[in-house]
Amino acid sequence: MSAKDATPVPRGLVPALAFAALTGAVVAGLGSPIVLEVARERGVSIEAAQWTLTITLLVGVVGTPVVSRLGDGHRTRPILVTSLLVVGAGSVCAALVPTFPGLLAGRAMQGLGYAMVPLTVAIARQHLRGPRLNRTLAVLSTSVAVGVGLGNPVMGFAVLVANYRVAFLVALLVAVAGAVWVWRVVPSTAAARGPGVRVDVGGAVLLGVGLASSLLAIAKGQSWGWGSAPVVGLAVVGLLALAGWVCVELRVSSPLVDVRLACAHGVLGVNLSAILLGMAVFGGVAVMILLVERPTTDGLGLGYSVFVNGLLMVPMSVATLLSPPVSRWVIRHTGLRFVLPAGALAVAAAFGFFAVAHHSTWHIVVAMTLMGFGIGVAYAVMPALIVERTPRDRTASATGINQVLRLMGGAVGAAGAAAILAAHVPPGRLDPEETGYGLAAVAAVVAAVAAAIVAFVLVPADRAGAVDEAPPTAVSPLT
């Protein structure tokens, strides 16, 4: 063992990293539960209020690779702390600025919360080795689902006793506490200073324009008309910008997203699955939450408050935490190749069940549990598959790519779900028909099934003995 490997692990490092990752998840997950509250208080449509979720995903997609690239090497700790403070500032803006654009601006700043996972993964890889590193990677990768499920009841209680602004103030305290904890516990690596990191500004602009235009076209397609000049124009601009972005990323020396790495053998299937699973999870959850909080006046909604809605997401988090033993079982008996498909099919089963059964509380609990199980099985193994194929000094960037692709899929899924629901709102009413909820859930099923197929086809079969090489704890956040 080298001297570097023998360096003592800083006391409290893993809890600090886990708290930072959960902080990003809790704050970034505030969008869906408050959509109806925002629509009622601000006097905007559900379609418009849905942008409190979409804009956070959009900024997460563009900001995560930038922050991850800046965080490669010795800068990881200060970049992580700065990102947490920006998230806290966004919470202040969302809580105190009285206008809807001000709320969107705050939610946009909170999009950096999604960068917590790749940054914490990079720090973990700097200081941890062996099975302990693998356990920590699993914890950090699944933190988004766990954080959303555990944080939403707290935020929902704040909304219940006051309003959603108080929930953002709670998020402020959490973000600042995370920044202080990380700064105090994570050692400085300034002595390892190397060459400066160049950020691909052009790539960031093209990616932002491409995604924003495409998502706006999807979100407004129903209300503006799918064949209208604005929608077609936005779609064309979006596609051209994204195509230009790919060309730029292939040519620059320090790309925002390393397209070649993202498409490397053994990694492409993981990343494509991440996109499709993101579409399924974010789109499907948004639909479930809207139905749970919909008033019971017409016999369709369950009429629950944001607080109860948060409680209904707890089974998702519990299932996510308890599912890694299933991943270990799958690895031991079938190999790594089958883990992602198994998780994706569980997610598909969750939304398929919701599509046909959504009239009682226990229906939601079953769907949330199945979804959490699928997320835990699939997401826990993703970082291990990617990190083992990545140079140590590009860990933040490589895991950031996977996180970005999840968010890209999530942004498309959320916007697509909003478009499907908007297409099924009867004239003169605000709430969609039941058919809209069912079709949106079916779209999530299709995306999850596609993720399973892609993972099975494109993730290569294990090398001889590969299953034995991978420690059972590689996907376990608990053992």
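How each quantity is defined
By convention here, each chain's residues receive numbers from 1 onward along its written sequence. In keeping with the model being predicted, local features are shown solely for residues with a pLDDT of at least 70 and side-chain atom pairs are shown and tallied solely at 80 or more, while totals for entire chains, interfaces and linings include all residues. Values shown for side chains rest on all heavy atoms present in the structure; no hydrogens or waters enter the calculation. Runs of E in the DSSP output that reach at least two residues are strands. Runs of H or I that reach at least four are helices, and both are numbered from the N terminus. Categorising residues by exposure relies on relative accessible area from a 1.4 Å probe, with only protein chains included: less than 20% of the type maximum marks a residue as buried, more than 50% marks it as exposed, and the intermediate range marks it as partly exposed. Any pair of residues with heavy atoms lying within 4.5 Å of one another is described as a contacting pair. The protein chains shown are the only cover counted for residues, whose accessible areas, like all others here, come from Shrake-Rupley with a 1.4 Å probe. Only C-alpha atoms enter the line fits that serve as axes; for helices the fit covers just the stretch in contact. Angles between N-to-C directions range over 0 to 180 degrees. Reported orientations rely on four angle classes, namely roughly parallel under 35 degrees, roughly antiparallel over 145, roughly perpendicular from 65 to 115, and oblique for the rest. Crossing handedness is read from the near helix: turned anticlockwise from the far helix by less than a right angle, it gives a left-handed crossing, and turned clockwise, a right-handed one. Each residue receives one of three labels: charged for Asp, Glu, Lys and Arg, nonpolar for Ala, Val, Leu, Ile, Met, Phe, Trp, Tyr, Cys and Pro, and polar for the others, Gly being one of them. Between the first and last residue of a helix there are one fewer steps than residues, each counted as 1.5 Å, and that sum is the expected span. We define the nonpolar core as a collection of buried residues of types Ala, Val, Leu, Ile, Met, Phe, Trp, Tyr and Cys that are connected through side-chain atoms lying within 4.5 Å of one another. In summary, the pairing rule links any two rings of Phe, Tyr or Trp, Trp by its six-membered ring, whose centres are within 6.5 Å, and it sorts them by plane angle into stacked for under 30 degrees, edge-to-face for over 60 and tilted for everything else. Every patch collects residues that have over 30% relative accessible area and no salt bridge, joining them within 9 Å if they carry like charges and within 5 Å if they are nonpolar side chains (Val, Leu, Ile, Met, Phe, Trp, Tyr). The rule for a salt bridge is simple: a side-chain nitrogen of Lys or Arg has to be within 4 Å of a carboxyl oxygen of Asp or Glu. Scored from 0 to 100, pLDDT reflects the predictor's confidence in each residue.

1. A word on the overall build of the protein chain
Alright, step 1. The number of helices and strands found in the protein chain is 23 helices and zero strands.
Alright, step 2. Residues counted as buried form 58% of the 479 residues belonging to the protein chain.
Alright, step 3. A fraction of 81% describes how many contacts in the protein chain between residues 6 or more apart in sequence connect residues 24 or more apart.
Alright, step 4. For the protein chain, the exposed area adds up to about 17,800 Å²; of that, 70% sits on carbon and sulfur atoms.

2. Thoughts on the side chain of Thr76
Alright, step 1. Relative to the assigned elements, Thr76 resides in helix H6 (residues 76-96).
Alright, step 2. Excluding its chain neighbours within four sequence positions, the residues that come into contact with Thr76 are Gly71, Leu119, Ala122, Ile123 and Gln126.

3. Overview of the packing of helix H19 (residues 339-356) against helix H22 (residues 434-458)
Alright, step 1. At a minimum axis distance of 8 Å, the contact between H19 and H22 shows a crossing angle of 165°. Put simply, H19 runs roughly antiparallel to H22. Considering the relative orientation of H19 and H22, their crossing is left-handed. For the pair H19 and H22, contact is made by Leu340, Pro341, Ala344, Leu345, Val347, Ala348, Phe351, Gly352, Phe354 and Ala355 and by Tyr437, Gly438, Ala441, Val442, Ala444, Val445, Ala448, Val449, Ala451, Ala452, Ala455 and Phe456, respectively.
Alright, step 2. For the contact of H19 with H22, a count of residues per class yields 20 nonpolar, two polar and no charged.

4. Digging into the environment of Ile46
Alright, step 1. Its location among the elements puts Ile46 in helix H4 (residues 46-49).
Alright, step 2. Spatially, the C-alpha atom of Ile46 lies 9.8 Å from that of Pro432, the residues being 386 residues apart in sequence.
Alright, step 3. Residues contacting Ile46, with those up to four places away along its chain left out, are Val35, Leu36, Ala39, Leu290, Leu430 and Asp431.

5. Side note on H19
Alright, step 1. If you check H19, its first and last C-alpha atoms are 27 Å apart, about what 18 residues at 1.5 Å a residue would give, namely 26 Å.
Alright, step 2. Of all the residues in H19, the buried ones are Val339, Leu340, Pro341, Gly343, Ala344, Ala346, Val347, Ala348, Ala350, Phe351, Phe354 and Ala355.

6. Overview of the nonpolar core
Alright, step 1. Core analysis: the largest hydrophobic core is formed by 135 residues, its most contacted members being Leu340 and Met371.
Alright, step 2. With 15 residues, helix H15 (residues 268-293) is the largest single contributor of residues to this core.
Alright, step 3. Residue contacts for Met371: discarding those within four places in its chain leaves Val281, Val285, Met316, Val347, Ala350 and Phe351.

7. A closer look at the packing of aromatic side chains
Alright, step 1. Counting across every chain of the model gives three aromatic pairs.
Alright, step 2. Centroid distance Phe19 to Trp181: 5.4 Å. Interplanar angle 50°. Geometry classified as tilted. Placement of the pair is Phe19 in helix H2 (residues 13-28) and Trp181 in helix H11 (residues 164-185), with a sequence separation of 162 residues.
Alright, step 3. Classification of Trp181 as partly exposed rests on a relative accessible area of 33%.
Alright, step 4. When the ring of Phe338 is compared with that of Phe456, the centres are 5.5 Å apart and the planes differ by 55°; the resulting orientation is tilted.

8. Some points on a nonpolar patch on the surface
Alright, step 1. A contiguous nonpolar patch, built from Leu272, Phe338, Leu345, Val449, Ile453, Phe456, Val457 and Leu458 and spanning about 640 Å² of accessible area, is present on the exposed surface.
Alright, step 2. With five residues, the single largest contributor to the nonpolar patch is H22.

9. A few points about the environment of Gly269
Alright, step 1. Of note, Gly269 is situated in helix H15.
Alright, step 2. In sequence terms Gly269 and Leu340 are 71 residues apart; their C-alpha atoms lie 9.5 Å from each other.
Alright, step 3. Leaving out residues up to four positions away in the same chain, Gly269 has contacts with Val454, Leu458 and Val459.

10. Structural notes on the confidence of the model for the protein chain
Alright, step 1. On average, the protein chain scores 79 in pLDDT, and the residues at 70 or more come to 84%.
Alright, step 2. When pLDDT is averaged over each helix and strand of the protein chain, the minimum, 37, is found for helix H23 (residues 466-469) and the maximum, 93, for H19.
Alright, step 3. Counting contacts from residues 1-6, a segment whose pLDDT is below 50, to residues more than four positions away or on other chains yields four contacts.
Alright, step 4. Note on residues 463-479: pLDDT is under 50 here. Beyond four places in sequence and across chains, it has 39 contacts.

11. So, the environment of Gly284
Alright, step 1. Relative to the elements of secondary structure, Gly284 occurs in helix H15.
Alright, step 2. Residue Gly284 is classed as buried on the basis of its relative accessible area, which comes to 1%.
Alright, step 3. Once the C-alpha coordinates of Gly284 and Phe354 are considered, the two residues, 70 residues apart in sequence, prove to be 9.1 Å apart.
Alright, step 4. With near-sequence residues (within four places) excluded, Gly284 lies in contact with Met279, Phe351 and Ala444.

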